[in-house]
Amino acid sequence: ALLSEAGIDHDTIEKRGFDHGTWVPLSLLYPQADIPVVQLSVQPHLTAAHHYAIGHALRPLVDENILVIGTGALTHNLGALFSREGLLHNREDEEVEWARQFADWMNEKVDEGDIESLLDVFEEAPFAVQNHPTPEHLLPFFVALGASTNGSGERLHKSTEFAVLAMDAFAFH
């Protein structure tokens, strides 16, 4: 109903299993699987601003003590991970500079509450396309950002796996 009220076209699929972006984090957060869950699909052919609008439409749910979570990875270039250069194979602890620069830029913009720059991430952020050759793993971030009360947030966790996968986590206020 909230999406309809906001003029956001959507479909409902009654019986569909959970995507790994839903069940993996929720299995860690709620291992008893004792909470109701509604999964939203991203539309990778649409913009960050569209996904932000979805989150904004869902904002009233937060006042009802409903958690809006956006999962993915802050950086997600599996081509680099599995490349012949062997980022996965050499298992370096050291992250690559282009992944950290992007992650730090995202953190800086979240700290500043700079929604305009965040929504223009693929034009403004350093190495945005290198970190997200396709956008689907970053778009849930914008749904969560849109559900915030004022667009500000904080980084709760900072880590990188296999040199290129930044797993930073944010909470929005």
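This structure is a prediction, so every number in the text was calculated from the model and none was measured.

## Re a negative patch on the surface
Reasoning step 1: Together, Glu116, Asp120, Glu123 and Glu124 give the surface a local cluster of negative charge.
Reasoning step 2: Mapped onto the elements of the fold, Glu124 is located in helix 8 (residues 121-124).
Reasoning step 3: Of the residues examined, Glu124 reaches a relative accessible area of 39% and is grouped as partly exposed.

## Some thoughts on helix 6 (residues 97-112)
Reasoning step 1: Here helix 6 is 16 residues long and its end C-alpha atoms lie 22 Å apart, about the 22 Å a rise of 1.5 Å per residue gives.
Reasoning step 2: Of all the positions in helix 6, only Trp98, Ala99, Arg100, Phe102, Ala103, Trp105, Met106, Asn107, Lys109 and Val110 are classed as buried.
Reasoning step 3: In the stretch just after helix 6, Gly113 is the one whose phi turns positive, near 65 degrees.

## Re the nonpolar core
Reasoning step 1: If you look at the biggest cluster of nonpolar residues, it comprises 22 residues, and the most contacted ones within it are Met106, Leu118, Val121, Leu138, Phe141 and Phe142.
Reasoning step 2: Contributions of two or more residues to this core are made by helix 3 (48-63), helix 6, helix 7 (115-119), helix 10 (139-146) and strand 4 (169-172).
Reasoning step 3: Residues contacting Val121, with those up to four places away along its chain left out, are Phe102, Trp105, Met106, Ala128, Leu138 and Phe142.

## Notes on helix 10
Reasoning step 1: Counting buried residues in helix 10 gives eight out of eight residues, a clear majority hidden from the surface.
Reasoning step 2: Along helix 10, the positions that sit buried rather than exposed are Leu139, Pro140, Phe141, Phe142, Val143, Ala144, Leu145 and Gly146.
Reasoning step 3: Looking at the buried side of helix 10, the elements it contacts are helix 3, helix 6, helix 7, helix 8 and strand 4.

## A look at the pattern of salt bridges
Reasoning step 1: The tally for this structure, following the rule as stated, stands at nine salt bridges.
Reasoning step 2: Here Asp104 makes a salt bridge to Arg100, at a shortest N to O gap of 3.2 Å. Residue Asp104 and its partner Arg100 are located together in helix 6, separated by four residues, close to a single helical turn.
Reasoning step 3: Taking the relative accessible area as the measure of exposure, Asp104 reaches 30% and is therefore partly exposed.
Reasoning step 4: With a shortest N-O distance of 4.0 Å, Asp114 and Lys109 are connected by a salt bridge. As far as burial versus exposure is concerned, Asp114 and Lys109 are alike and both buried.
Reasoning step 5: Overlapping salt bridges bring together Glu95, Arg100, Asp104, Arg155 and Asp168 as one network.

## Thoughts on the confidence of the model for the protein chain
Reasoning step 1: The share of residues in the protein chain with pLDDT of 70 or more is 94%, and the mean pLDDT across the chain is 91.
Reasoning step 2: Taken element by element, the predicted model of the protein chain shows its lowest mean pLDDT in helix 5 (residues 87-90) (57) and its highest in helix 8 (98).

## Here we look at the environment of Leu28
Reasoning step 1: Positionally, Leu28 belongs in helix 2 (residues 20-29).
Reasoning step 2: A C-alpha to C-alpha distance of 25 Å links Leu28 and His132, two positions 104 residues apart in sequence.

## Quick look at the packing of helix 3 against helix 10
Reasoning step 1: Between helix 3 and helix 10, the shortest axis-to-axis distance is 6 Å and the interhelical angle comes to 35 degrees. In the packing of helix 3 onto helix 10, the handedness of the crossing is right-handed. Contacts between helix 3 and helix 10 involve Ala48, His51, Tyr52, Ile54, Gly55, His56 and Arg59 from the first element and Leu139, Phe142, Val143, Leu145 and Gly146 from the second.
Reasoning step 2: A breakdown of the residues in the contact of helix 3 with helix 10 according to their chemical character gives seven nonpolar, four polar and one charged.

Definitions and limits used
- Residues numbered from 1 in each chain as written.
- Predicted model: local features only at pLDDT ≥ 70, side-chain atom pairs only at ≥ 80, totals over all residues.
- Heavy atoms only, no water.
- Patch = residues over 30% accessible without salt bridge, like charges linked within 9 Å, V, L, I, M, F, W, Y side chains within 5 Å.
- Areas by Shrake-Rupley, 256 points an atom, 1.4 Å probe, with all protein chains shown as cover.
- Salt bridge = Lys/Arg side-chain N within 4 Å of Asp/Glu carboxyl O.
- Lys, Arg positive; Asp, Glu negative; His and termini not counted.
- Charge placed at Lys NZ, Arg CZ, Asp CG, Glu CD.
- Helix = DSSP H or I, 4+ residues; strand = E, 2+ residues; numbered from the N terminus.
- Buried < 20%, exposed > 50% of the residue type's maximum accessible area, 1.4 Å probe, protein only.
- Expected span 1.5 Å × (residues − 1).
- Core = buried A, V, L, I, M, F, W, Y, C linked by side-chain atoms within 4.5 Å.
- Contact = heavy atoms within 4.5 Å.
- pLDDT = per-residue confidence, 0-100.
- Axes fitted to C-alpha atoms, helices over the stretch in contact; angles between N-to-C directions.
- Left-handed = near helix turned anticlockwise from the far one by under 90°.
- Nonpolar A, V, L, I, M, F, W, Y, C, P; charged D, E, K, R; others polar.

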